[in-house]
Amino acid sequence: MIRNVLGSIVALLGAAAAVLSPFRDWYDGRLGRYYGVDDLFTGITAAHPGVLGSILLPFLFAAVLAVVGVVLRFRPLVALAGVLVLGFTVLWMVRQGQAAGSLTVAGDGSGLQLGVAGAAGGGVLLLLGAALMSGRGRDRGLAGRPDRREQPYAAPGSADPDTWPPTREPGPSVQTSPWPEPEVDPYVGPAPGRPSGPASGAPRDPDTEPTATYPVQDRPDDPDRPDRSSSSGT
């Protein structure tokens, strides 16, 4: 956020400097808006074109691109504006050097003046502003990308079922909960509230199973059985 604000301010200052530069002297007391756009491609002449036909036109176009790029936080658009300003400034210097034979900087105002410096400085500020801006592409990418630290471990697929998700090491079973697996109760005796005895269907162990006691009844036809009724009567 701070980078976008700082870069936007620098880019807008560069655009303002580029637009204001044609209204200042460029070379030998001649204003920048007195140089036509055609002069940059065919050669410098002494004609004074209109405002929209002067070098001001490409600088205005670059300033519009810079403003749109700042509003949309689109860095390439701001950088393109800086390239246009510097490109037209360098092209003017080439044509002016061809017309005058050489480019000089003199204290009496007969050489390069502040208008050229303003245009070149504006282009540099536009490029610097584009470099300072963080743009919005990176913000969108971070906003649409979920935090990996908040993503839970995915369950293993059917091709690798016996793995522990936190470490992907072999384990006894698939563990999807952070808590340990419940242990099996080792007690195999009868459930509380039920009579003791082997469970139906369970294997019987004669060493541990208690011996059942059954009542013994006398056979009625046994001659040796004493007569309990007579004994009780006597």
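Refer to the preceding data block for the structure.
Residues numbered from 1 in each chain as written. Predicted model: local features only at pLDDT ≥ 70, side-chain atom pairs only at ≥ 80, totals over all residues. Heavy atoms only, no water.

1. So, the packing of aromatic side chains
Here is step 1 of the chain: All chains considered together, the criterion is met by three aromatic pairs.
Here is step 2 of the chain: Ring centres of Trp-26 and Phe-59 lie 6.2 Å apart, and the angle between their planes is 25°; on these two criteria the pair is classed as stacked. With a gap of 33 residues between them, Trp-26 in strand β1 (residues 25-27) and Phe-59 in helix α3 (residues 56-72) connect regions that are remote in the sequence. Judged on exposure class, the residue Trp-26 and its partner Phe-59 are both buried.
Here is step 3 of the chain: Their ring planes at 80° and their centres at 5.4 Å tell us that Tyr-35 and Trp-92 sit as a pair that is edge-to-face. One end of the pair, Tyr-35, is in the loop between β2 (30-31) and α2 (39-42); the other, Trp-92, is in helix α4 (residues 75-100), with 57 residues separating them in the sequence. The pair formed by Tyr-35 and Trp-92 is uniform in burial state, with each residue classed as buried.
Here is step 4 of the chain: By way of ring pairs, the aromatic residues Trp-26, Tyr-35, Phe-59 and Trp-92 are connected into one cluster.
Here is step 5 of the chain: Here Arg-30 stacks its cationic end above the ring of Tyr-35, 4.3 Å away from the centre of that ring. (Phe/Tyr/Trp six-rings, centres within 6.5 Å; stacked < 30°, edge-to-face > 60°. Helix = DSSP H or I, 4+ residues; strand = E, 2+ residues; numbered from the N terminus. Buried < 20%, exposed > 50% of the residue type's maximum accessible area, 1.4 Å probe, protein only. Lys NZ or Arg CZ within 6 Å of the ring centre and 35° of its normal.)

2. Quick look at the nonpolar core
Here is step 1 of the chain: Trp-26, Phe-59, Val-78, Trp-92 and Leu-126 are the most contacted members of the largest nonpolar core, which has 28 residues in total.
Here is step 2 of the chain: When residues of this core are traced back to their parent elements, those giving at least two are α1 (2-20), β1, α3, α4 and α5 (114-132).
Here is step 3 of the chain: Top element by residues in this core is α3. It accounts for seven residues.
Here is step 4 of the chain: The contacts of Trp-92, once residues within four sequence positions are left out, are Trp-26, Tyr-27, Tyr-35, Leu-40, Ile-44, Ile-55, Leu-112 and Val-116. (Core = buried A, V, L, I, M, F, W, Y, C linked by side-chain atoms within 4.5 Å. Contact = heavy atoms within 4.5 Å.)

3. Digging into a nonpolar patch on the surface
Here is step 1 of the chain: A surface patch of nonpolar side chains, about 590 Å² in accessible area, is lined by Leu-12, Val-64, Val-67, Val-68, Val-71, Leu-72 and Phe-74.
Here is step 2 of the chain: Considering each element in turn, the nonpolar patch owes the most residues, five residues, to α3.
Here is step 3 of the chain: Structurally, Val-64 can be placed in helix α3. (Patch = residues over 30% accessible without salt bridge, like charges linked within 9 Å, V, L, I, M, F, W, Y side chains within 5 Å. Areas by Shrake-Rupley, 256 points an atom, 1.4 Å probe, with all protein chains shown as cover. Salt bridge = Lys/Arg side-chain N within 4 Å of Asp/Glu carboxyl O.)

4. Digging into the side chain of Gln-96
Here is step 1 of the chain: Looking at the element boundaries, Gln-96 is found in helix α4.
Here is step 2 of the chain: By relative accessible area, which is 6% here, Gln-96 ends up buried.
Here is step 3 of the chain: Setting aside anything within four residues of it in sequence, one finds Gln-96 in contact with Tyr-27, Tyr-35, Ile-44, Gly-101 and Leu-103.

5. With respect to the packing of α1 against α5
Here is step 1 of the chain: For the pair α1 and α5, the least separation of the axes is 7 Å and the interaxial angle reads 160°. If you check the angle between α1 and α5, you find them roughly antiparallel. Relative to α5, the crossing made by α1 is left-handed. Packed against α1, whose contacting residues are Arg-3, Leu-6, Gly-7, Val-10, Ala-11, Leu-13, Gly-14, Ala-15, Ala-17 and Ala-18, the element α5 presents Gly-118, Gly-122, Leu-125, Leu-126, Leu-128, Gly-129, Ala-131 and Leu-132 at the interface.
Here is step 2 of the chain: Split by residue class, the contact of α1 with α5 holds 12 nonpolar, five polar and one charged. (Axes fitted to C-alpha atoms, helices over the stretch in contact; angles between N-to-C directions. Parallel < 35°, antiparallel > 145°, perpendicular 65-115°, else oblique. Left-handed = near helix turned anticlockwise from the far one by under 90°. Nonpolar A, V, L, I, M, F, W, Y, C, P; charged D, E, K, R; others polar.)

6. Things to note about the side chain of Thr-89
Here is step 1 of the chain: Among the structural elements, Thr-89 can be located in helix α4.
Here is step 2 of the chain: By relative accessible area, which is 2% here, Thr-89 ends up buried.
Here is step 3 of the chain: Thr-89 has contacts with Phe-59, Val-116, Ala-119 and Ala-120, leaving out every residue within four places of it along the chain.

7. Re the packing of α1 against α3
Here is step 1 of the chain: Orientation of α1 relative to α3, taken along the N-to-C sense of each, is 165°, at an axis distance of 9 Å. In terms of orientation, α1 and α3 fall into the roughly antiparallel class. Relative to α3, α1 is oriented so that their crossing is left-handed. The residues of α3 that touch α1, namely those facing Ser-8, Ala-11, Leu-12, Ala-15, Ala-18 and Val-19, are Leu-56, Phe-59, Leu-60, Ala-63, Ala-66, Val-67 and Val-70.
Here is step 2 of the chain: Of the residues in the contact of α1 with α3, the class split is 12 nonpolar, one polar and no charged.

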